[in-house]
Structure formats: structure tokens, C-alpha cells
Amino acid sequence: MKTIGLKWIPKTYTDEYLVKLSEEHQSFPYTEIPQIPPMHPEWDGGQDSWDLVHIKAHPILWGMAHLNSPFSTRKKDDEPWVPRGLQIEMGNVVYPTFYEPNKRVAILAARRRGKTVGAAVIVLHRVMETPGTRALIITPAPRQLKNFFEDYIWKFIDTSPELKGQVERRTASPNYKVTFKNGSSINGFSTGAHGQSDRSNTLRSEGADIVYIDEMDYIIHTAWKAIDPIIDDPDVKPIVLATTTPAEMSEGARFYQWFHNEELYKCAHVWWPLTRDPDIKYEDMIQIRNNADDESQFKREYMAIWESTKDSVYSQGDITRAMSNYNYGSPEYVHNGNVKIIGVDWDKFSSGSTIAVVEYDAKKKITRLIDREDVPQGEYSLDLAVKTVASMARKYRPAAIYVDRGFGDSQIEQLMLYDKKHPEHGLNFERVLKPVHFNESVEIFEQPSGQYIKKHFKQVMVNRLSILLQRGRFRFPSSDGELRNQLNTYKIVSFTARGPQFTKHNDHMHDATGLAVYGVWELFYEQDYRAGTLTMVDYIPPERNMLGVNAALNVGMVSRRRHSQHKEQIPVGGGRDMGPASRSRSQI
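All values reported here derive from a predicted model rather than from experimental measurement.

Undergrad: Quick question: what am I supposed to make of the sheet that holds strand 14 (residues 433-436) here?
TA: Two modes of strand pairing occur in sheets, parallel and antiparallel, and in both the strands are linked by backbone hydrogen bonds. Strand order in the open sheet formed by 7 strands is 9-17-12-11-10-13-14, with mixed pairing between adjacent strands. Looking at the sheet topology across the chains shown, the edges are occupied by strand 9 (323-324) and strand 14. Relative to strand 13 (residues 400-404), strand 10 (residues 339-345) runs parallel, the two sharing 4 bridges. Its bridge partner being in strand 13, Ile 341 is matched across the sheet by Ala 400. Here helix 18 (residues 481-488) sits on the sheet and contacts strand 9, strand 12 (366-375) and strand 17 (474-477); the angle it forms with strand 17, its principal contact strand, is near 135°. Lying over the sheet, helix 19 (residues 508-524) contacts strand 10, strand 11 (353-361), strand 12, strand 13, strand 14 and strand 17, oriented at roughly 145° with respect to strand 10.

Written out as C-alpha cells, the structure is:
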């Protein structure tokens, strides 16, 4: 096959390999529409009634007999629903026989393959054919819940006179709900996705006979306290169907465990990459691959493959331990007396700018990420980012603001100009701003030799954050799934004579946080470590020394980049005098 011009050519996903995968995957048996078994010799109702019983018992056959397409293009008459390959397989896995359903099913599927429509058919079949059924729909975001009801459930009902006649009531507020004359109901709730507030408390009084969890990999971490009692109810033992496209990292997440530990969770599962879909042409599949932003996106969204974290810089366990139950911008963190440091990663690769605020809690010896603002990429995004930095500096009165100089010289000048125009704010940017370049060399104090060696600033910054994570001394909100994913997928992509090269895309939140953490290190830990009174790493488990990550980062090094600054008195927000940095330092 002729190769279409590729933006990138991954070793395993060339055109020929994708075609080969398609040929192998599309021979799987579950893409077959279920066949009604031969009539039992003792059945005395006749062939028609035998067929009717089995049609009513299986969601795919039931849907083909009772439903019209929610996407019908016909104007005068209805278009019967025709199931797609993944929808057939979903029905067959939930109902492996005509008589007894699987109680827990996990569907890992590529984007736009019809998994949500398949779930809607399975839910409608259950509530219509089993009177008194309570169906519960759980989504990460309100938008997904709205789409499920308005684009699928309601349209299926509206295009089927039989179903429409059975509806008693349907509402969209305060939550989506459909009640039927046979006593069944479908209730919908959104829990909040990563990076959003947790709304799962509305679920706590709910019970269900069948539960559908949409995009389960993106359900906010804290929501499982409300979901688990519902799906694990020993008296009801509900059918639980979960579907998702993989998140950036999910080895420690609930869906990943369901999918990979069938024996423990008693969960049947389906993997449906793009190559398994019999409805897609090879040419279209390859074009989708070419249009993907990068290999990572194609693997997650179209091959339905989780990205491995075995070569990640940070340990997944350390990241999970760093997640804590609090919210960004909480008033308790604004004027609590703790020293604040801001890190700024300017707009690059069309990803927007990120401003991160950390504080050092001397009592608990914790560095805590207390606020984060993302400025989306746009025509005036850099100007807006400068104004956002000034606004956050007025709010938190930071001791220092570490900014990426590599992409931000003009923004630094704008901040200096802002300071001169608004002396009444007392921000003192001339002294507080600490411009750094990720590729600049800094001198590192190495123990136990007691000598200085040169390292890239980026390497040193990553080392500082890695140490705090390893020692359990860094915290960020558990609701910030975006930062969690960036930490989990932050990798060494190559090694050069100048040292390791790190992830360069989807890293703006990580880099802003890293800059702020580096400032905490310089202010509170560097002199103690250089003096030999602070031992940062006692032992590194072998499983953390993956791909030489810790060796490459040279764990146990300290910077002399601004050694002389530690002899000075460092002001907080240009107003209060902290005194020497060593006055507040404490061991981790």
C-alpha cells in the first residue's frame, strides 16, 4: 500500500501494520448479531412466540425490532436502528446468553465508535422489558449527561411510538430523569471531571438495578466514595456497564483495574480499537492516524491504549500520595502567613500560559500547590497572561516569581513596566522576578564529593520536584486531574551528551509548578543541603530507578545558580522583610 504523507511514523503503526491489525481484529466473533437458538422440543407456544421471547431477552435483537435510528435522515418515515460492530459486541458481552446478564462489564473503545448509543440501547431494553427497573446514568461532565439524554435516550423515545406511549414524565432539571408507566425510571447525574469540583454528593441517596458509567477514566477521583456503595450493593447486585476512551494515565485508576483484573473484580471486558471496527475503511483509518496531533493522541483516542508510565520520571504512587482534598484559591491559603512562590510557564506550542502558586507550610514541612490559572492560547493571550500574573501577585504577595525566560522576555519587560505604572501595588517585580531559561547551565553541588558540576536548569528543576514527591512533601488538589496526568506522563524522551531530554508537549502545568517548587527549594533547603545537614534521599526502591531516570536526574544535587542571593534578606511581596532565608529553613 502506498504510504500517505505522515506527520510522524511510529514503529508499530505504519499503514501496512494498521491494515494487518484490521484484518485480524475484524474476525472476532462478537461482531455477529446474536442468533435465536433452535426451538426447544418441549416448547408448546410455537415458533413465533419462541422468537418473540428471545427478541425481548436480548438488547440488540430488541433494539432492532423496537427502535428507530436517533440520527434518521428521512423526513416522512422512520429509519430502523441498525447496530454497529461495537454496539453488537457490547450487547453480546452484557448478555452472553439470552437468560443471564454479566453483572459488570468494562468497554475500552476508540472515539466515535458508537459506545454511548450502544449503552443507551442496553439501558432502554432493561427498563422497558423489566418493570420497576431503576437505571442510573453517571457521567463526568454535565455536557456528557445532556448529550446522553437529549441526543440518544429522548430521540430513541421520540422516534418510537411504542416507547413514547410508555413515558409518564421526563425532566431536565434539577437533574435528567425519565419515568415510565411500568414503574421503571432512568436518572442521570454528573460527578465532575478531573480539574472540576466534586458534585457526587447528589448521588448518595440513589440506588439502581442497572448503572451506566460514561467515560469512566475521567470520573473525578473523589466521586467513588459515592459511587461504590451503589454499584457494590449486595442486596441489589446491579448490572454495571462502564465505557471509556483511555485517559493519559490510568494504571492506578478504577477502570484500569476493572479491565486488567477480571478475576478480582468479576468484570467482563471489551477492547475495541479503531482497527476492530468493521464499519471503517482502511483509507479513512489511515487518514485519522495522519490527522492526529501526535502518536500519543492516536494511541489513546483511536487505538484505545493506555500510555505506559514505566518510563515516567515520577512514581505513580508518589503522585497519588500527593493528591489531597482541598480547592485552589481557598481563602485559608491567601493570608495564612506562609511564604508563597509563583511559577510562570508562558504560552508555547499553542497550549496557553500557566501560572502556579505554591506555599511552604513550615509547621507541616509541606510544599502545597494552592492556586493555578491557565490562560488559553489566543490573539492576546500573552497580554492576558501578564495581567493574570500581576493579579495573582497582588493577591498572594509572593516572595519570588520564577518565570520562563526562554519564551517570555517581552512579558518580563511588560511586568517591569506594570510595576512602574502601579507603584501603589508594591509588587517590586524588579527584585521579585526570577527569570530562568530551561536550557541554561547551572552549577550543582554534589554530595558526597562536595564539588560543583554543571547541569541544565530543567534537569535540576525536575529533580527538586521529584525529591519532594518521593519524600511525600508535596501536595496538590485531587480534583486536578490535568496536572496529575501531566505528572504521570512526564518522561525522559532521549539522552544526549548534555543530559536527558524531557517531554516537550502537554507539559505547561508541570513546568509552571516545577518553577514554583524550585523557588521553594532555593529559599528553604539549599544551604542546609550544601552544608550537609539535610539528607534528601535515604533509599530509592529499585522499581523507581526505571530507564536510569534517577541516575540521569542525579538525585542528591543542589544548585549554586543564585548562591549569593541566600546571603541577602528576601522580601515577601516587596513589603515584609523575611530576614535571611536560613531563618525559616527546615528539613523535609
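Undergrad: Which parts of the structure should I look at to understand the packing of helix 4 (residues 85-94) against helix 5 (residues 115-129)?
TA: Helix packing geometry: the angle between the two helix axes and the distance between the axes. Packing of helix 4 against helix 5 brings their axes to within 9 Å, and their N-to-C directions diverge by 40°. One element, helix 4, and the other, helix 5, form an angle in the oblique class. At the point where helix 4 passes helix 5, the crossing takes the right-handed sense. Contacts between helix 4 and helix 5 involve Leu 86, Gln 87, Met 90, Gly 91 and Val 94 from the former and Lys 115, Val 117, Gly 118, Ala 119 and Ile 122 from the latter. A breakdown of the residues in the contact of helix 4 with helix 5 according to their chemical character gives 6 nonpolar, 3 polar and 1 charged.

Undergrad: Would you take a moment to explain the sheet that holds strand 4 (residues 177-180) for this structure?
TA: Across the sheet, 8 strands lie side by side as 3-4-5-2-6-7-1-8; this open sheet has mixed pairing. Both outer strands of the open sheet, strand 3 (167-171) and strand 8 (268-272), are each paired with one neighbouring strand and no more. Taking each pair of neighbouring strands and ignoring which way they run, the sheet shows an average axis angle of 10°. Taken together, the 4 bridges between strand 3 and strand 4 define a ladder with antiparallel strand orientation. Paired with Arg 170 across the two strands is Val 178, which belongs to strand 4. Lying on the sheet, helix 4 is in contact with strand 1 (104-109), strand 7 (239-244) and strand 8; it crosses strand 8 at an angle near 170°. Seen against the sheet, helix 6 (residues 142-158) touches strand 2 (134-139), strand 3, strand 4, strand 5 (185-190) and strand 6 (210-213) and runs at an angle of roughly 160° to strand 5.

Undergrad: Is there a simple way to think about the pattern of salt bridges in this case?
TA: When the charged atoms of two side chains lie near each other, side chains of opposite charge can form a pair. Scanning all chains against the criterion turns up 19 salt bridges. Among the salt bridges present, the one from Asp 277 reaches Arg 113, with a minimum N-O distance of 2.8 Å. Taken as a pair, Asp 277 in the loop between strand 8 and helix 11 (282-291) and Arg 113 in the loop between strand 1 and helix 5 lie far apart in primary sequence, 164 residues in all. Grouping residues by exposure puts Asp 277 and Arg 113 together as buried. Between Arg 368 and Asp 361 there is a salt bridge whose closest N-O contact spans 3.3 Å. For the pair formed by Arg 368 and Asp 361, the shared burial category is buried. One continuous salt-bridge network, built from bridges that share partners, spans Lys 340, Glu 359, Asp 361 and Arg 368.

Undergrad: Sorry, what's going on with the pairing of strand 11 here?
TA: Put simply, side chains in a regular strand alternate between the two faces of the sheet. Burial within strand 11 is extensive, with 9 of its 9 residues counted as buried. Burial of the side chains of strand 11 extends over both faces: Ser 353, Ile 355, Val 357, Glu 359 and Asp 361 are buried on one face and Thr 354, Ala 356, Val 358 and Tyr 360 on the other. In terms of strand pairing, strand 10 meets strand 11 through 7 bridges, oriented antiparallel. Its bridge partner being in strand 11, Ile 342 is matched across the sheet by Val 357.

Undergrad: Just checking my understanding: could you explain the packing of aromatic side chains for this structure?
TA: Think of a pair of aromatic rings as described by two things: how far the centres are apart, and how the planes are tilted against each other in angle. As enumerated under the stated definition, the model contains 13 aromatic pairs in all. With a centroid separation of 5.2 Å and an interplanar angle of 25°, the aromatic rings of Phe 149 and Tyr 176 are classed as stacked. With Phe 149 in helix 6 and Tyr 176 in the loop between strand 3 and strand 4, this residue pair connects regions lying 27 residues apart in the sequence. Here the two residues Phe 149 and Tyr 176 agree in accessibility, since each one is buried. An aromatic cluster is built from Phe 148, Phe 149, Trp 154, Tyr 176 and Tyr 212, whose rings are joined through pairwise contacts. The ring centre of Trp 154 lies 4.9 Å from the NZ or CZ of Arg 170, which sits over that ring. The ring of Phe 438 carries Lys 458 above its face, with NZ or CZ at 4.6 Å from the centroid.

Undergrad: Explanation requested: the environment of Val 432 in the structure shown.
TA: Looking at the secondary structure, you find Val 432 in helix 16 (residues 429-432). By relative accessible area, which is 2% here, Val 432 ends up buried. Along the backbone, Val 432 and Pro 398 are 34 residues apart, and their C-alpha atoms lie at a distance of 7.8 Å.

Undergrad: Whenever I open this one, the nonpolar core confuses me. Can you help?
TA: Grouped burial of nonpolar side chains is what soluble globular proteins tend to show. Residues Tyr 314, Ile 341, Ile 401, Phe 474 and Phe 476 are the most contacted members of the largest nonpolar core, which totals 69 residues. Element by element, the count of residues in this core is highest for helix 19, at 10 residues. The contacts of Tyr 314, once residues within four sequence positions are left out, are Ile 319, Val 462, Leu 465, Ser 466, Leu 469, Leu 487, Tyr 490 and His 510. Ile 137, Leu 145, Phe 148 and Tyr 212 belong to the second-largest nonpolar core, a separate cluster that totals 44 residues.

Undergrad: What's the story with the packing of helix 17 (residues 457-470) against helix 19 in this structure? I'm lost.
TA: At a closest axis distance of 9 Å, the pairing of helix 17 and helix 19 adopts a crossing angle of 80°. Looking at the two axes, helix 17 sits roughly perpendicular to helix 19. From helix 17, Phe 457, Lys 458, Val 460, Met 461, Val 462, Arg 464, Leu 465, Ile 467 and Leu 468 reach across to helix 19, where they touch His 510, Asp 511, Gly 514, Leu 515, Val 517, Tyr 518 and Trp 521. A per-class count over the contact of helix 17 with helix 19 returns 11 nonpolar, 2 polar and 3 charged.

Undergrad: How should unusual backbone geometry be read in this particular structure?
TA: Negative phi values dominate among residues other than glycine, just as trans dominates among peptide bonds. Omega for the peptide link from Ser 173 to Pro 174 comes to 5°, which places this bond in the cis form. We note that Glu 215 has phi near 50°; this positive angle belongs to a residue other than glycine. On the accessibility criterion, Glu 215 (14% relative accessible area) is buried. Positive phi, close to 55°, is recorded for Ala 304, a residue that is not glycine.

Undergrad: Quick question: what am I supposed to make of helix 18 here?
TA: What sets the pattern is the α-helix's 3.6 residues per turn: residues three or four places apart point alike. Across the 8 residues that make up helix 18, a large majority, 7, are buried. Here helix 18 has its buried residues at Gly 481, Leu 483, Arg 484, Asn 485, Gln 486, Leu 487 and Asn 488. Of the surrounding secondary structure, the elements contacted by the buried residues of helix 18 are helix 13 (316-322), strand 9, strand 12, helix 17, strand 17 and helix 19.

Undergrad: Teacher, can you tell me more about the environment of Ile 230 here?
TA: When you line up the elements, Ile 230 lands in helix 8 (residues 224-231). With 22 residues separating them in the primary sequence, Ile 230 and Ala 208 have C-alpha atoms 6.8 Å apart.

Undergrad: Mind showing me how you'd approach the environment of Val 357 here?
TA: Considering the arrangement of structural elements, one finds Val 357 in strand 11. Here Val 357 falls in the buried class, since its relative accessible area comes to 0%. Residues Val 357 and Thr 513, spaced 156 residues apart in sequence, show a C-alpha to C-alpha distance of 7.5 Å. Not counting chain neighbours up to four residues away, the residues in contact with Val 357 comprise Lys 340, Ile 341, Ile 342, Arg 368, Leu 369, Ile 370, Asp 371, Met 392 and Tyr 396.

Conventions adopted
Residues numbered from 1 in each chain as written. Predicted model: local features only at pLDDT ≥ 70, side-chain atom pairs only at ≥ 80, totals over all residues. Heavy atoms only, no water. Pairing = 2+ DSSP bridges. Helix = DSSP H or I, 4+ residues; strand = E, 2+ residues; numbered from the N terminus. Contact = heavy atoms within 4.5 Å. Axes fitted to C-alpha atoms, helices over the stretch in contact; angles between N-to-C directions. Parallel < 35°, antiparallel > 145°, perpendicular 65-115°, else oblique. Left-handed = near helix turned anticlockwise from the far one by under 90°. Nonpolar A, V, L, I, M, F, W, Y, C, P; charged D, E, K, R; others polar. Salt bridge = Lys/Arg side-chain N within 4 Å of Asp/Glu carboxyl O. Buried < 20%, exposed > 50% of the residue type's maximum accessible area, 1.4 Å probe, protein only. Phe/Tyr/Trp six-rings, centres within 6.5 Å; stacked < 30°, edge-to-face > 60°. Lys NZ or Arg CZ within 6 Å of the ring centre and 35° of its normal. Core = buried A, V, L, I, M, F, W, Y, C linked by side-chain atoms within 4.5 Å.

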